[in-house]
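Geometric and topological summary
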Amino acid sequence: MSATPRRESARRRTSAPMGQARYRVMLGLVLLGLALLAGRIVDLHVFDRSFLQGQGDARTLRVDAIPAHRGMITDRHGEPLAISTPVVTLWANPQDLPDDGIQRLRLAQALGQDLDALNARIERYADREFMYLRRRMTPEAAQRVLDLRVPGVHKRAEYKRYYPAGEVIAQLIGVTNIDDQGQEGLELAYNPYLSGEPGRRRVLKDRRGRLVRDLEVLREAEPGGDLTLSIDQRLQYMAYRELKAAVDENDADGGMLVMLDARSGEVLAMANQPSYNPNNRAGLDPDGLRNRAIVDAYEPGSVIKPLAMTALLETGRFPPDTVIDTSPGWMVIDGYTIKDVANYRELSLSGILEKSSNIGMSKLTLQLDEPVVPQRYRALGLDQALGTGFPGEASGSVPSPRVWSSSQWAALSYGYGLSVSALQLASAYTAIANHGERLPPSLLRLNEPPAGQPVVEPAVADRVLGMMDQVVAPGTGARRGLVPGYSVAGKTGTVRKTGGAGYEENAYRSLFVGITPVSDPRLITVVMIDHPRGGSYYGGAVAAPVFSRVAGNALRLLDVPPDQVETADEG
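Residues numbered from 1 in each chain as written. Predicted model: local features only at pLDDT ≥ 70, side-chain atom pairs only at ≥ 80, totals over all residues. Heavy atoms only, no water.

Let's talk about the pairing of strand 9 (residues 254-261)
Basically, it comes down to this: Each residue is placed in one exposure class: buried if its accessible area under a 1.4 Å probe, protein chains only, is under 20% of its type's maximum, exposed if it is over 50%, and partly exposed if it falls in between. Strands here mean DSSP runs of E at least two residues long; helices mean DSSP runs of H or I at least four residues long; both are numbered from the N terminus. In this scheme, strands are said to pair when DSSP sees at least two bridges between them.
Taking burial as the measure, the eight residues of strand 9 include eight buried ones, the bulk of the element. Going residue by residue along strand 9, you find Gly254, Met256, Val258 and Leu260 tucked away on one face and Gly255, Leu257, Met259 and Asp261 tucked away on the opposite face as well. The loop that links strand 9 with its antiparallel partner strand 10 (residues 267-273) comprises five residues; one of these, Gly265, has a positive phi angle of about 85 degrees.

Laid out in structure tokens, this is it:
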């Protein structure tokens, strides 16, 4: 019995040191772990602090773009033609959007969208962190959505382009896309200048991408430059109204009108039909996008005859008393039959222009040994782009074969066999209005008139201007181009349209070119009505009245004093 207590006492004495040893080992391991942890904390916060800070910043700091305000486009008097207004784009992180059906329904209603369509889009972007909910909303409408406080919904400041003049000048100004980048017209041509440079800012966001605080601006946004056009908005509205009325009245396919300042070459008005509303492009007709006055080239017909006449007169072969026998009103050249509307018999040089005689122009041209007429067309810039910078600008076409046939020479003198744009034609007529000096056209306002290029002898230019003055007179075919109180030098034109199979039957373009007032030219206007079906298709009946109304109103708006007292005969 006594031995057992002694053995137990011995075991206790042996286990006590072992327990203390295990305790010390465990304590040592804990202390070692704490030491390692403390060392790692010190290492991260002192020696490797940049790594820890970088990891934190990567999860909270962002660099956002600051949108740049697109420059404004104005008319020559500062009236806005294209402006950018602040809008809000709503976007979402699909992974943060709630699955609750009620919240989804309220969100869809506030966005003005169908719930099923919204759910389908969220499902499609489920594995991403970004999706647009609705772009370019008004700030008020966007705030109503944000007030719902739906998780995952965020906003972004943007700009939307607005065009106060709408369809009146749509083709010239052009449009921007949803990202406010130019796509057509001058918006495209001057996009780098108008766009400006976006800025950058550093912001603090939470793990859901929501903005917590603006930290600093890294680079300020640089707004785009403003563009001042040569257009006078008052004249543009009036020109568009009259052109549209004429196209509707004559059941025509379309039309164009170009008005230049005769002293500077600036484009004061440029209207096209059909057109479109750049502020609402739903159901847009692609034909309405085209700026026909600049990008379309066509055979000009008889409106080219005064320009050809300048070349003929400069040869010195045709004194003022020259008379050409145009009987019997037709002739055959190289197997082609050329006709006048009637047998005008003997015509003076002015009479050839007044009656628009193809026979007269052909006989004058065929008396020469040199192709002076096409050479004059090239000198007037009818075979090259005008350099306005407008996208797709037509360069025109003047043939230059190695061997000229008689029929080619004749056709060029009365406006067939070449192609020009309405702007090229108007620019060429600046040489007649400015004593022989041609002015380059400008779509931008000029601080001072450019230097003219001498193309026509001054005396010849003045003589042809006087001949055109006689063309637009009471009793002539161009009498509907008269402007009460002002003298007008003009020329009518009627040209057959071409198609894939050649000249079309009963399809014409009606044209009129006018310079007014003759005593001190201020305006040059080209009017073209495409395929009129209202009964008459002659330029004097269809295009000349448009010129009369547009030029008359323009002269009064510009305070140009009348140079005639008598009342014009409208016939």
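Notes on the confidence of the model for the protein
When pLDDT drops low, the exact placement of atoms in the prediction is not to be read closely. How we decide: Values of pLDDT, ranging from 0 to 100, describe the predictor's confidence in every residue of the model. Contact definition: two residues touch when any of their heavy atoms are within 4.5 Å.
On average, residues of the protein score 88 in pLDDT, and 88% of them reach the 70 mark or higher. For the stretch residues 567-571, pLDDT sits under 50, and the model shows twelve contacts to residues farther than four places along the chain or on other chains.

Regarding the sheet that holds strand 17 (residues 489-499)
What counts here: For helices, the fitted axis covers only the stretch in contact; all axes are lines through C-alpha atoms, and the angles between them, taken along N-to-C directions, range from 0 to 180 degrees.
Taken together, the five strands give an open sheet; going across it, the order is 10-9-19-18-17, and neighbouring strands pair in antiparallel fashion. Here the strands that pair on one side only, and so sit at the sheet edges, are strand 10 and strand 17. Shown here is a sheet whose adjacent strand axes are inclined to one another by a mean of 10 degrees, direction ignored. In this sheet, strand 18 (residues 502-516) lies alongside strand 17 in antiparallel orientation, the contact comprising ten bridges. Residue Arg496 lies in a different strand from strand 18, and its bridge partner there is Tyr508. Against the sheet, helix 18 (residues 458-471) contacts strand 17 and strand 18, and its axis sits at roughly 80 degrees relative to strand 17.

Observations concerning the side chain of Glu299
Stated precisely, the cut-off is as follows: For the charge count, each Lys or Arg is scored as positive and each Asp or Glu as negative, with His and the chain ends excluded. Any Lys or Arg side-chain nitrogen found within 4 Å of a carboxyl oxygen on Asp or Glu counts as a salt bridge. Here a polar contact is recorded for every N or O atom pair within 3.5 Å, except that within protein the pair must consist of a potential hydrogen donor and a potential acceptor, and residues adjacent in sequence are included only if both atoms are side-chain atoms.
Mapped onto the fold, Glu299 is located in the loop between helix 10 (292-295) and helix 11 (305-314). For the buried Glu299, no salt bridge exists, and the shortest N-O distance to an oppositely charged side chain is 6.8 Å, to Arg509. Polar side-chain contacts of Glu299 include one of 2.9 Å to the backbone nitrogen of Gly417. The residues contacting Glu299, other than those within four sequence positions of it, are Gly415, Tyr416, Gly417, Leu418, Ser419, Val495, Arg496, Thr498 and Tyr503.

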